[in-house]
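The chain contents come next:
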Amino acid sequence: KSPNTSLRTGTKAAEIRQAFLDHLTCSLGRLPAYASAHDHYLALALTVRDHVVHLGVSSFGGKESKPQRRVAYLSAEFLPGPHLANHLLNLGLSETARKALASLDIDLDAVLEQEEEPGLGNGGLGRLASCYLDSLATVGVQSIGYGIRYEFGIFDQQIRDGWQVEITDKWLHGGNPWEIHRPGAARDVGFGGHTESWTDDFGRHRVRWLPAITVRGEAYDTPISGYNSDHIALMRLWKSEATESFDFEAFNHGNYDRAVEQKVDSENLSKVLYPNDSFRHGKELRLKQQFFFSSCSLQDMLRILEMQGAGPENFHEHWAVQLNDTHPAVAVAELMRLLIDVHLLAWDQAWEITRATFSYTNHTLLPEALEKWPIDLFGELLPRHLEIILEINARFLDEVRAAFPGEDWRIARLSIIDENGPRYVRMAHLACVGSHTVNGVAELHSELVKQTVLADFAEIWPEKFTNVTNGVTPRRFVALANPGLSTLLSKAAGKTWPGKLSKLSKLEALADDAEFRAKWRQVKLANKSRLAELITERTGILTDPTSLFDVQVKRIHEYKRQHLNLLHILSLYLKIKRDPTADIPARTFIFGGKAAPGYFLAKQIIRISTAAGELINDDPDIAGRLKVVFFPDFNVRNAQYVYPAADLSEQISMAGMEASGTGNMKMSLNGALTIGTLDGANVEIREAVGEENFFLFGLTADEVSEVEVCGHHPRQHYESDTELRETIDFIASGALGGGSGLFQPLIANLLEHDPYLVLADFRAYGEAQQRVSELWTNPEDWARASILNTARMGKFSSDRSIREYCQRIWKVKPGKPSE
Ligand code: 26Y
């Protein structure tokens, strides 16, 4: 069946060594004696890629096999992290590769260090997409993750003088050995222009779009391996290029600038990822990016359909298309256009196919993250799509009118077009109307979706709404990131846990075994020492691995309330200053995360955390009892060092704001205890691990809404709570350096508005932290709770999430039966 490529895919150390040397000389043109560490990386990557690609050609099946329904995961963001170590783990080749390289005096870890990670996403949503591809490959579903091959991904973060500085992410600089360019899959995408009517041979009225500009999408494939699986998933990313390099007329008239203008414009499309997480700017280029990758991807699916000998009328039988938030929602209109204008299907049939194809995942309720486009901008860029959207809307609203006569308020609220003032296209409404299923990402969030942003839709189509709680891949975030723990888990629960995470429940019995607890604590301590070294290397700060590692790593955002954590830290500092005998166990507070470059308050939050470190870390009165670290450039690679070292996981968003969170899962799986609000997946994590193993505090989502309705008075908390007042006054006094005005905007915001109820939750948070300190002073009890966290987190494997999507939403059967 598959070609014999054993020369390149042998799995013995000697064979890997030979393939590596062949790639070094034949693919890279390097004599081994002159090869750099980066050459070693490229050669090993190419060697491993051969194995993965070889699986790939067999897993997408030949023409003879009856085609199954495939999954297309449309996502503007992916955050795969470094590939090499992950493939080695998945293929079971880590130790063999280590041996093969060692025989050449090359250290595998030094080689792995060389890889530049693709930062093609902002945070949770992009990382989730990559966890899902990992699981799709693992459980054996034919699937493609479609997205954009940004030339510059999320910026690298440096900290200078305590402030965030953004550095361009040139991830493709050293070459990218993982991708395969597929010139044959290139597709053209139009923009602008106008539409015109025509009559076909049967006298039917037709429309065609005559775009003003055409851009070419070039396909780049990155294979994603699965754990212990003979399937791979594909990440197919589109790069924009000009269709013609030169406008020859302009060129011949000596106007070189104009001649290359179109080339530059076209290539700019996939140039850079927008670095704002959850904040819409309404930039035209972003809409262009969204349409560009949605159109390329749908055209690609149609091309594959044709190769399989099927027609566009069978589209929905061959493809289940998931919209990762509304970023690709314009795909609903584009599929309609392709079916009606290009493939000449009738509207009703095309609409049935479209709705049977798409499903939509909502990831946020934040009003400033809900996408809407000014209708004029939309119409200029995508005139045909606007016509189609207006037609979809007109037909939809007619149905609503028929079902609810006289309820005009309902029409206005459901309409895809927002007409309260300047008109906008509401992308969430388009995604919802064009999909058969809409899901949120945690139980609480899915309920809130039905009660808030999409409440009117949930009323007319209750059966359309469902929940799929997020999950994370235990391969990258436990097996790879935490080898010490993995060995322990394999001994205690058997070796199959990375593919069958519920097996971890076997650990439960060991929570009461003192010997096992001692080993457990040893592993955690080793992970903390490893992180402590890295912290010193990156920041110069010395930390004590025996102190409690209290970790908050995630994008910096007011709703995530890093400043609540900081207020608590500073209150502890003042307490020790007042009373040096205060009973406060040693803690290391670790922050990490990027702020959107234009988000002023988020940057202030970073500055306040570095300032707290400057104040506290070297204060002789504190004598090392508290340390505050801002770990720069939190990304997937760094995350793999941070999560395994966490004792305490900070999940302290204002209830109702964090759709799910996934860092919460990663840390609890690695044995951290959570301090958190009843928000997102925290609710389900707490249910799973047991309330006695979770530090709960704060207002509930219902209480938050109540406060928001009745109005709140942050100043009352300031005035009535001495500790809070002294902490705020301390910051306002300028004691953190930079003069008293430095943090004024943040302080003023808290005292006058406090939109995320930081002050309202301050007291409850401090009390929960007190309980943390108490448990920490009893290491055996802490270890028991830590073991139970890991043991009970089986539900949060992304394999479970993917199986739910397969069964309830996509109607596809995974190749690998469930555990
Ligand atoms: C509109 C545009 C500016 C935009 C860009 C990125 C809007 C949103 C985003 C990213 C959102 C995001 O990452 N959401 C997170 O998704 C995770 C996966 O479901 C959740 O765990 C997390 O709670 C949610 O904030």
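Residues numbered from 1 in each chain as written. Predicted model: local features only at pLDDT ≥ 70, side-chain atom pairs only at ≥ 80, totals over all residues.

### Some words on the overall build of the chain
- Counting its regular elements, the chain contains 34 helices and 22 strands.
- Relative to a compact globule of 819 residues, whose C-alpha radius of gyration would be 28 Å, the chain shows 27 Å and is just as compact.
- With respect to the principal axes defined by its C-alpha atoms, the chain has extents near 90 × 75 × 60 Å.
- The proportion of buried residues among the 819 residues of the chain is 50%.
- The long-range share in the chain, meaning contacts at least 24 apart out of those at least 6 apart in sequence, stands at 76%. (Helix = DSSP H or I, 4+ residues; strand = E, 2+ residues; numbered from the N terminus. Rg over C-alpha atoms; globule rule 2.2 N^0.38 Å. Buried ≥ 20, exposed ≤ 12 C-beta atoms within 10 Å, placed from the backbone. Contact = placed C-beta atoms within 7 Å.)

### Thoughts on the sheet that holds strand E5 (residues 180-191)
- Read across the open sheet, the nine strands follow the order E5-E8-E9-E2-E1-E10-E11-E15-E16; overall the sheet is mixed. What marks the edges here is a single partner per strand, and that holds for E5 and strand E16 (465-467). Direction aside, neighbouring strands of the sheet carry axes that sit 25 degrees apart on average.
- As paired strands, strand E2 (residues 143-148) and strand E9 (residues 232-242) are joined by five bridges and run parallel to one another. Opposite Gly-145, over in E9, you have Met-235 as the bridge partner.
- Lying over the sheet, helix H34 (residues 798-810) contacts strand E1 (70-74), strand E10 (319-324), strand E11 (358-361), strand E15 (437-440) and E16, oriented at roughly 150 degrees with respect to E15. (Pairing = 2+ DSSP bridges. Axes fitted to C-alpha atoms, helices over the stretch in contact; angles between N-to-C directions.)

### Structural notes on the site of the ligand
- Around the ligand there are 22 residues in total, and Gly-124, Leu-125, His-363, Ala-659 and Ser-660 lie nearest to it.
- In the shell around the ligand, the residues fall into six nonpolar, 12 polar and four charged. (Near = placed C-beta within 6 Å. Nonpolar A, V, L, I, M, F, W, Y, C, P; charged D, E, K, R; others polar.)

### Considering the sheet that holds strand E13 (residues 417-418)
- Read from one edge to the other, the open sheet built from three strands follows the order E12-E14-E13, with strand pairing classed as antiparallel. Strands with a single pairing partner mark the edges of an open sheet, and in this sheet they are strand E12 (372-374) and E13.
- Note: E12 against strand E14 (residues 424-426), three bridges, orientation antiparallel. Note that in E14 the partner of Pro-374 across the bridge is Tyr-424.

### Description of unusual backbone geometry
- Backbone geometry places Ser-278, a non-glycine residue, at a positive phi of 65 degrees.
- Mapped onto the secondary structure, Ser-278 falls in the loop between helix H9 (256-268) and helix H10 (284-307).
- Its 21 C-beta neighbours within 10 Å are what place Ser-278 among the buried residues.
- Its identity is not glycine, yet Asp-754 carries a phi of approximately 40 degrees, on the positive side.
- Mapped onto the elements of the fold, Asp-754 is located in the loop between helix H31 (744-752) and helix H32 (758-776).

### A word on the nonpolar core
- One finds Val-332 and Val-642 to be the most contacted residues of the largest nonpolar core, which totals 227 residues.
- Contacts of Val-332, omitting those with residues within four sequence positions, involve Thr-354, Phe-358, Leu-430, Ala-431 and Gly-434. (Core = buried A, V, L, I, M, F, W, Y, C linked by C-beta atoms within 7 Å.)

### Some remarks on the packing of helix H23 (residues 562-578) against helix H30 (residues 722-732)
- Running from N to C, H23 and H30 cross one another at 95 degrees; their axes reach a closest spacing of 9 Å. Regarding the angle of H23 to H30, the classification is roughly perpendicular. Residues Leu-567, Leu-570, Ser-571 and Leu-574 of H23 form the contact with H30, whose own contacting residues are Glu-723, Glu-726, Thr-727, Phe-730 and Ile-731.
- A class-by-class count of the residues in the contact of H23 with H30 yields five nonpolar, two polar and two charged. (Parallel < 35°, antiparallel > 145°, perpendicular 65-115°, else oblique.)

### Looking at the packing of H23 against helix H24 (residues 600-616)
- Relative orientation of the contacting elements H23 and H24 amounts to 20 degrees, with a least axis distance of 10 Å. Classified by the angle their axes make, H23 and H24 are roughly parallel. By crossing handedness, the relation of H23 to H24 is classed as left-handed. Between H23 and H24, the residues in contact are Gln-562, His-563, Leu-566, Ile-569, Leu-570 and Tyr-573 and Ile-605, Ile-608, Ser-609, Ala-612 and Ile-616, respectively.
- Per-class residue counts for the contact of H23 with H24 are eight nonpolar, three polar and no charged. (Left-handed = near helix turned anticlockwise from the far one by under 90°.)

### Regarding the environment of Ala-481
- Mapped onto the elements of the fold, Ala-481 is located in the loop between helix H20 (474-480) and helix H21 (483-493).
- Separated by 61 residues in sequence, Ala-481 and Asn-420 place their C-alpha atoms 50 Å apart.
- Excluding residues that lie within four positions of it along the chain, Ala-481 makes contacts with Arg-476, Gln-640, Tyr-643 and Pro-644.

### Here's the deal with the pairing of strand E17 (residues 548-553)
- For E17, the buried fraction is high: six of the six residues fall into the buried class.
- Covered by surrounding structure in E17 are Leu-548, Asp-550 and Gln-552 together with Phe-549, Val-551 and Val-553, the residues of both alternating faces.
- Where E17 meets strand E18 (residues 587-592), six bridges bridge the pair, whose relative direction is parallel. Bridging across to E18, Asp-550 finds its partner in Phe-589.
- What joins E17 to E18 is H23, and the crossover it makes is right-handed.
- Bridge analysis of E17 against strand E20 (residues 648-651) gives two bridges, and the strand direction is parallel. Its bridge partner lying in E20, Asp-550 is registered against Leu-648. (Right-handed = clockwise from strand over helix to strand, strands pointing away.)

### Observations regarding helix H13 (residues 347-357)
- Here H13 has its buried residues at Ala-350, Trp-351, Ile-353, Thr-354 and Thr-357. Each buried residue of H13 lies within a common arc of 165 degrees when the element is viewed along its axis, so the set occupies one face. (Arc of directions from axis to C-beta.)

### Some thoughts on the pairing of E15
- Side chains Thr-437 and Asn-439 of E15 all project onto a buried face; the interleaved residues Val-438 and Gly-440 project onto the opposite face, where all are buried too.
- One ladder, built from three bridges, connects E11 with E15; its direction is parallel. Across the sheet, residue Thr-361 finds its bridge partner in E15, namely Asn-439.
- Two strands pair when backbone bridges link them, and E15 and E16 are joined in this way by three bridges, in the parallel orientation. Pairing of Gly-440 across the sheet is with Asn-467, part of E16.

### Comments concerning the confidence of the model for the chain
- Mean pLDDT over the chain works out to 96, with 98% of the residues at or above the 70 mark.
- Among the scores for the predicted complex, ipTM is 0.97 and pTM is 0.98. (pLDDT = per-residue confidence, 0-100.)

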